[in-house]
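Notes for the structure review
Chain by chain, the residues:
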Amino acid sequence: MNSFARLLLMMTPLLVLQGCSKAGSDVETATNSAPPASGQIVLDSCLGLSGVNEKCTLVTNASACTGAKCSRLVVIFSGGEMGCISGSGYKTALDTFASKGYAAVCINYFDTSTGSGNVPYIDEASRIDLAVKEATSGSWATSYWTGEYLLLEGISHGATAPVILMARTSLATQAHWKGTRVTAGCFFDGSYDQVATATLLATGASGGGPCVVPVSYNRGLERYCGAGANASNCNLSLKPKAQQDTVASVAVNFAVKNFRMFECGSAMPVCSGDIIPGAPVQTLCNNINSTSGYTCSFKSLPNDGHLTCHGNEFDQCRTWFEGISP
């Protein structure tokens, strides 16, 4: 055997070992390529959308879906406080859905409550659409969800802007707004008549003055009339965007066909407990339910206030959703 052949024979085990090491490295990389099942996804691409220089953040919990993808995904839209990270009730909701076998995500479509009050709800559509696209078709979603069953859920602002998006735009007809088998929406205390909401908050404070906390009367006016708006210089009935954001009696042509809607706090004091009028919620739900091909189930929670009803009753969305899912 010549010296070259002898050298080649000596190197063969090393070459085999190196090949095995390379293959093992590739397998490990593929296994670890999925994003964490639970954590936060920050969308810098939201910066500047709707004229607001704030990001979107998704808080995720797919702890039930690491062995095999979950067939059900819930997307929860935060109220105007943007509380998915630190707000009351959202973590409990995510954890509960996860314990029932769901992939779960909560969306802050702004960084702050100041950002969420800057523009009419209809003008937020691009931000919400971008966040939903990430929540349902981004790498986290495709790693942990089969794409079959999608529940859209929200409270207050998070029950308002997504529903207005569905009513006034075609964005929700896109694939990332749909499960391949069942899609449904479950919403708590959305504002579907902006004049009615302003009227409720105008005289609810002590002595008949406008509400200041936790949601101020002026915040609703400034959304449409700019900073410093008040009753003397802002008539919402004359503001086109406020009328676009009024959808209680809109012609129903939603991409989502099945809804559950709650009004909260109607038997409680205005300002502290009753913040959104219940009648427009029921009107919209009845309107949807009376349209061929659609369903909407309405429920009143008169003694559970606006700030607590979702945290207390979110699991009604899950049981309802599972009841309409084959």
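Residues numbered from 1 in each chain as written. Predicted model: local features only at pLDDT ≥ 70, side-chain atom pairs only at ≥ 80, totals over all residues. Heavy atoms only, no water.

Strand pairing in a sheet relies on backbone hydrogen bonds. The paired strands run either parallel or antiparallel. Strand order across the open sheet formed by 8 strands is 1-2-4-3-5-6-7-8, with mixed pairing between neighbours. Bordering the open sheet on either side are strand 1 (38-43) and strand 8 (295-301), each of which pairs with just one other strand. Strand-to-strand twist across the sheet, computed as the mean angle between neighbouring axes with direction ignored, equals 20°. Sheet analysis places strand 1 next to strand 2 (residues 56-61), joined by 6 bridges and oriented antiparallel. Opposite L43, over in strand 2, you have C56 as the bridge partner. Sitting on the sheet, helix 2 (residues 90-99) is in contact with strand 2, strand 3 (70-77), strand 4 (102-108) and strand 5 (145-155), with an inclination near 160° to strand 4. (Pairing = 2+ DSSP bridges. Helix = DSSP H or I, 4+ residues; strand = E, 2+ residues; numbered from the N terminus. Axes fitted to C-alpha atoms, helices over the stretch in contact; angles between N-to-C directions. Contact = heavy atoms within 4.5 Å.)

All right, on to helix 3 (residues 125-137) then. End to end, helix 3 covers 18 Å across 13 residues, agreeing with the expected 18 Å (1.5 Å per residue, within 8%). What helix 3 keeps buried is the set A125, R127, I128, D129, A131, V132, A135 and T136. (Expected span 1.5 Å × (residues − 1). Buried < 20%, exposed > 50% of the residue type's maximum accessible area, 1.4 Å probe, protein only.)

On to the nonpolar core, then. Of all hydrophobic cores here, the largest spans 71 residues; its most connected members are F77 and Y192. In terms of residue count, helix 5 (residues 157-168) provides more of this core than any other element does, 7 residues in total. Beyond its immediate stretch of four places on either side in the chain, Y192 contacts A159, T160, V163, F187, D245, T246, V247, A248, M261, P280, V281 and L284. Listed in part, the 26 residues of the second largest apolar core include Y90, Y102, F262 and C309. (Core = buried A, V, L, I, M, F, W, Y, C linked by side-chain atoms within 4.5 Å.)

Glancing now at the environment of E322. Checked against the element boundaries, E322 lands in helix 11 (residues 315-324). Every residue in contact with E322, bar those within four places of it in the chain, is listed here: R72 and Y102. Separated by 2.9 Å, the side chains of E322 and Y102 make a polar contact. (Polar contact = N/O pair within 3.5 Å; in protein donor to acceptor, adjacent residues only side chain to side chain.)

This structure, assessed with the given rule, holds 7 aromatic pairs. With a centroid separation of 5.9 Å and an interplanar angle of 65°, the aromatic rings of Y109 and F110 are classed as edge-to-face. Neither Y109 nor F110 differs from the other in exposure class; each is buried. Seen from their ring centres, F187 and F259 are 6.5 Å apart, and the 35° between their planes marks the pair as tilted. Taken together, the positions of F187 in strand 6 (residues 182-188) and F259 in strand 7 (residues 258-264) put the pair 72 residues apart, joining distant regions of the chain. For F187, a relative accessible area of 1% gives the class buried. (Phe/Tyr/Trp six-rings, centres within 6.5 Å; stacked < 30°, edge-to-face > 60°.)

It is the contact of helix 3 with helix 5, at a shortest axis distance of 10 Å, that shows an interaxial angle of 95°. In terms of orientation, helix 3 and helix 5 fall into the roughly perpendicular class. Taking contact as the criterion, the partners of A125, I128 and D129 in helix 3 are, on helix 5, A161, P162 and L165. Partitioning the contact of helix 3 with helix 5 into residue classes produces 5 nonpolar, no polar and 1 charged. (Parallel < 35°, antiparallel > 145°, perpendicular 65-115°, else oblique. Nonpolar A, V, L, I, M, F, W, Y, C, P; charged D, E, K, R; others polar.)

As a further point, take unusual backbone geometry. Most peptide bonds take the trans configuration, and most residues that are not glycine carry a negative phi. Note the cis peptide between V213 and P214, where omega equals -5°. Assignment of secondary structure puts P214 in the loop between helix 6 (194-202) and helix 7 (217-225). Even without being a glycine, S156 presents a positive backbone phi close to 60°. With respect to the element layout, S156 can be found in the loop between strand 5 and helix 5. You will see that D189, though not glycine, has its phi angle at about 55°, which is positive. Turning to its location among the elements, D189 is positioned in the loop between strand 6 and helix 6.

This next bit is on the state of the cysteines. On inspection of all chains with the given rule, the structure shows 8 disulfides. A disulfide bridge connects C211 with C271, and the sulfur atoms are separated by 1.9 Å. Looking along the S-S bond of the C211-C271 disulfide, the torsion reads about -85°, which is the left-handed sense. Highlighted residues: C211 in the loop between helix 6 and helix 7 and C271 in the loop between strand 7 and helix 9 (278-289), separated in sequence by 60 residues. Judged by relative accessible area, which is 2%, C211 ranks as buried. For C264, the disulfide goes to C309, at an S-S distance of 2.2 Å. An S-S torsion of about 85° defines the bridge between C264 and C309 as right-handed. (Disulfide = S-S within 2.5 Å.)

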